[in-house]
Amino acid sequence: MAVAEAQLYAKVANKHRSRSPSALLEPLLAKGFPAHIAQKALVATGQKTIEDAAKWLHSHCNDPSLDDPIPQEYALYLCPTGRLHSRLQDFWKESKRQCGKNRAHEVFPHVTLCDFFTCEDQKVELLYDILKRVGDSFSQSFPPSISLTLHASPSYLGFFIDDSQANVLKEFAVAFSSEASALADCNVKPSLKQFHLTLAHRFCPHHQKTLEQLAKCINPGEPCQWVAALYSRDMRFVHYQRLRALFQYKPQNIDELLINAGDLIYVDPRQQSEVSEGWVIGTSHRTGCRGFLPENYTERAHESDTWVKHREYVFETASRSLTTTGKEPNVKLNGEAHNPSMPRSVTNVLSLQNPALRRGVLVMRHGERVDQVFGKSWLQQCLTADGKYYRADLNFPRSLPRRKDSTKQFECDPPLSCCGIFQSRLIGEALLDQEVTISYVYSSPSLRCVQTAQHVLQGLKLNQKVKIRVEPGLFEWTKWEASRAIPNFMTVAELVEASYNIDTSYRGNFPLSSLVPSESYEDYVSRSSAVIKQIITACPSKGKGVILIVGHGSSLAPLTRALTGLPNRGSRDFAQMVRKIPSLGMCFCEELKEENKWQMVNPPVKTLTHGANAAFNWRNTIMED
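Residues numbered from 1 in each chain as written. Predicted model: local features only at pLDDT ≥ 70, side-chain atom pairs only at ≥ 80, totals over all residues. Heavy atoms only, no water.

Under an unreviewed UniProt entry, the name given to the protein is Ubiquitin-associated and SH3 domain-containing protein A, and the source organism is Daphoenositta chrysoptera. In the Subunit (unreviewed entry) part of its UniProt record, the protein is described as follows: "Homodimer or homooligomer. Interacts with CBL. Part of a complex containing CBL and activated EGFR. Interacts with ubiquitin and with mono-ubiquitinated proteins. Interacts with dynamin." (UniProt positions renumbered as here; feature names shortened; annotations may be inferred.)

Peer 1: Explain unusual backbone geometry to me, and be specific about the residues and the numbers.
Peer 2: The phi dihedral of Ser-499 is positive, around 75 degrees, even though this residue is not glycine. Topologically, Ser-499 is positioned in the loop between α14 (492–497) and α15 (521–538). A positive phi is found at Leu-584, a non-glycine position, where the angle reads about 65 degrees. Counting through the fold element by element, Leu-584 comes out in the loop between α17 (571–578) and β18 (586–592). (Helix = DSSP H or I, 4+ residues; strand = E, 2+ residues; numbered from the N terminus.)

Peer 1: Requested: an account of the nonpolar core, with residues and values cited.
Peer 2: Nonpolar side chains tend to gather and get buried jointly when the protein is soluble and globular. Membership of the largest hydrophobic core comes to 53 residues, with the highest contact counts inside it found for Leu-127, Phe-176 and Leu-199. With 8 residues, helix α6 (residues 124–138) is the largest single contributor of residues to this core. Sequence-distant contacts of Phe-176, defined by excluding residues within four places in its chain, comprise Leu-76, Cys-114, Phe-117, Leu-127, Ile-130, Leu-131, Val-134 and Leu-230. Counting residues in hydrophobic clusters, the runner-up holds 38 residues, among them Ile-438, Val-441, Met-586 and Val-605. (Core = buried A, V, L, I, M, F, W, Y, C linked by side-chain atoms within 4.5 Å. Buried < 20%, exposed > 50% of the residue type's maximum accessible area, 1.4 Å probe, protein only. Contact = heavy atoms within 4.5 Å.)

Peer 1: A description of helix α13 (residues 447–460) should follow, citing residues and the corresponding values.
Peer 2: End to end, α13 covers 20 Å across 14 residues, agreeing with the expected 20 Å (1.5 Å per residue, within 8%). With 13 of 14 residues buried, α13 lies mostly within the body of the structure. Positive phi shows up at Lys-461, right after α13, with a value of about 60 degrees. (Expected span 1.5 Å × (residues − 1).)

Peer 1: Hey, could you go over the sheet that holds strand β5 (residues 196–201) for me, with residue numbers and the actual values?
Peer 2: Strand order in the open sheet made by the 3 strands is β3-β4-β5, with antiparallel pairing throughout. Strands with a single pairing partner mark the edges of an open sheet, and in this sheet they are β3 (148–153) and β5. Pairwise comparison of adjacent strand axes, ignoring direction, gives a mean angle of 20 degrees for this sheet. The sheet contact formed by strand β4 (residues 156–161) and β5 spans 5 bridges and is antiparallel. Directly across from Gly-158, in β5, lies its bridge partner Thr-198. Helix α5 (residues 83–99) contacts β3, β4 and β5 of the sheet and is inclined by roughly 20 degrees relative to β5. On top of the sheet, helix α8 (residues 208–215) reaches β3, β4 and β5; it is set at about 170 degrees to β3, its chief contact. (Pairing = 2+ DSSP bridges. Axes fitted to C-alpha atoms, helices over the stretch in contact; angles between N-to-C directions.)

Peer 1: Tell me about the state of the cysteines, and please be specific about residues and values.
Peer 2: Enumeration over the complete set of coordinates arrives at 0 disulfides. Considering cysteine sulfurs only, Cys-587 is the nearest to Cys-589, which forms no disulfide, with 7.0 Å between them. With relative accessibility at 0%, the residue Cys-589 sits in the buried group. (Disulfide = S-S within 2.5 Å.)

Peer 1: So what about the pattern of salt bridges? Which residues, and what values?
Peer 2: What the rule picks out here adds up to 24 salt bridges. One salt bridge in this structure joins Glu-73 and Arg-233, with 2.9 Å as the shortest N-O distance. Here the residue Glu-73 occupies a position in strand β1 (residues 72–81), and Arg-233 occupies one in strand β6 (residues 225–234), the gap between them amounting to 160 residues. Each of the two residues, Glu-73 as well as Arg-233, counts as buried. Of the charged contacts in the structure, one is a salt bridge between Glu-411 and Lys-408, with a shortest N-O distance of 3.1 Å. Each of Glu-73, Arg-103, Arg-233 and Glu-303 takes part in a single network of salt bridges with overlapping partners. (Salt bridge = Lys/Arg side-chain N within 4 Å of Asp/Glu carboxyl O.)

Peer 1: Hey, could you go over the pairing of β6 for me, with residue numbers and the actual values?
Peer 2: The buried count for β6 comes to 9 of 10 residues, which makes it a mostly enclosed element. For β1 and β6, the ladder comprises 10 bridges, and the chain directions are antiparallel. Pairing of Thr-81 across the sheet is with Gln-225, part of β6. Bridge count between β6 and strand β12 (residues 308–314): 6 bridges; the pairing is antiparallel.

Peer 1: Can you tell me about the environment of Leu-66, naming the residues and giving the values?
Peer 2: Mapping Leu-66 onto the fold places it in the loop between α4 (50–59) and β1. Residue class for Leu-66 comes out buried when judged on its relative accessible area of 14%. Leu-66 sits 29 residues away from Ile-37 along the chain, and the two C-alpha atoms are 7.0 Å apart. In this structure Leu-66 touches Ile-37, Lys-40, Trp-56 and His-60, once residues within four positions along its chain are discounted.

Peer 1: Help me get a handle on the packing of helix α3 (residues 35–44) against α4, residues and values and all.
Peer 2: Following both chains from N to C, one finds α3 and α4 inclined at 115 degrees, their axes separated by 8 Å at the closest point. The angle between α3 and α4 places the two elements in the roughly perpendicular class. Where α3 crosses over α4, the handedness of that crossing is right-handed. Of the residues in α4, those in contact with Ile-37, Lys-40, Ala-41, Leu-42 and Ala-44 of α3 are Ala-53, Trp-56 and Leu-57. Grouping the constituent residues of the contact of α3 with α4 by class yields 7 nonpolar, no polar and 1 charged. (Parallel < 35°, antiparallel > 145°, perpendicular 65-115°, else oblique. Left-handed = near helix turned anticlockwise from the far one by under 90°. Nonpolar A, V, L, I, M, F, W, Y, C, P; charged D, E, K, R; others polar.)

Here's what the structure looks like:
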């Protein structure tokens, strides 16, 4: 923690609170809540209602940081509303769909007037008074409209504000910061740089042309009412990722976190390296409690989703008012608002993306593998004394395919579990429902990948029409092989004998002998880049079907990033990312042939999410005393 922040904490903890309690604070004090905790609850809920603060206090009753005198951080933004805001939201949504997420998506459309600063809880109401007073003093000089000029560079896209109008906004920001610094004892710094409204930031240069094309569809002269809005955030989690819970999860162990659908979770990426696969450790925004939770119960959220809107000053020509969040439903915090009245120019851009006219590549991780459920010793659990296989649990496969070498080789090349088979067929059926045409199928030589491809094709009712091309170059990063050796995969002849629909005429781009144990990350990325380019070349470009590639968790990023021209991740970030890819996780790329490039878009089917189902022993559970 920074020294200045530590000093501020001590100051907040020891400072005598001389101000009289506000109208919202008094009822909470009457309920017996300590003043500093009641003030924390009011600040955390934007000082809207007593009910909101009381609900927050109830949710945070087990929050270990409830007594900590940690102030919130505040920022003053100038935000557009009305039709211009709707057009900006359209851009947010389409830029994310076509080019993926960039840094601008973390926050709603805004112009920064004063960047984040800390303020003691008991002085926050002074900020509200200052905002109204300064807003009133500038209401007559505030520009009736703000001129926006589009500016683009390889890493930034946004609107710059005309200098004469920007000077008025800077004077407003300086006046607010001066009064806040003097009266609320805050160190507030006004933004004095070129005033701008960011549209995209830290994006891949490959996407600049598409983003500019979308941005030009925005008419900056659309009717707009501007508001100066005061937001706060929890300073402890500034550098954390945000997740949103998709489902409720009830803890099975004391160190797990209770989450409800819609909960927001703070996750520190630096703390995840020792966490078991499929789990994360995080802190609940709703309760303040910390614990483990299943990662596949969540999705990525935006940074501003956890911010609190306090007050805003609306610059109007006829009237001026200071309102609370509840009176301005138009401003969304997550950049995902849907506006059905999309302008015709944006519609024309989107019409270029009709997937029916494009070749596609669907890269998929295999289904649930048997050792993922029963551990590395799974084979010992289902072999008799004389070495015969039997089904020790219904999630073990009914049988193992015959292979010439030892059954023990399945330890390094495990099959799918029965649930993995079901998952794969379910994905195939979903693709069939969406009328996805699979023209070619490539698979890693791992048995679990071949089985996944087979059962996806069965769900698609294509298992007799499309053959599986076994490509050794699609095998995962060999550094992650526990045995430090390349597994002895089943041969093409053995797979055919086991009734897998294999293309026996296909010759892989990378022979098995070319795979080396413990290859470097750079070598793996290079291998993946080469194999995806060779697959694309081998499949006729005149076709409009989808190329299905079944690989591993490590396959998704290097294959799709090489195809779309994105730079490679660092090896540490790559390892963290792979941990988050579940069974049957998938990415989809479509070809923009007229632009000679590929882009990442949403997969044609939804994700598959399910919970754990532990082994059950009725005797030990029901009969024991």
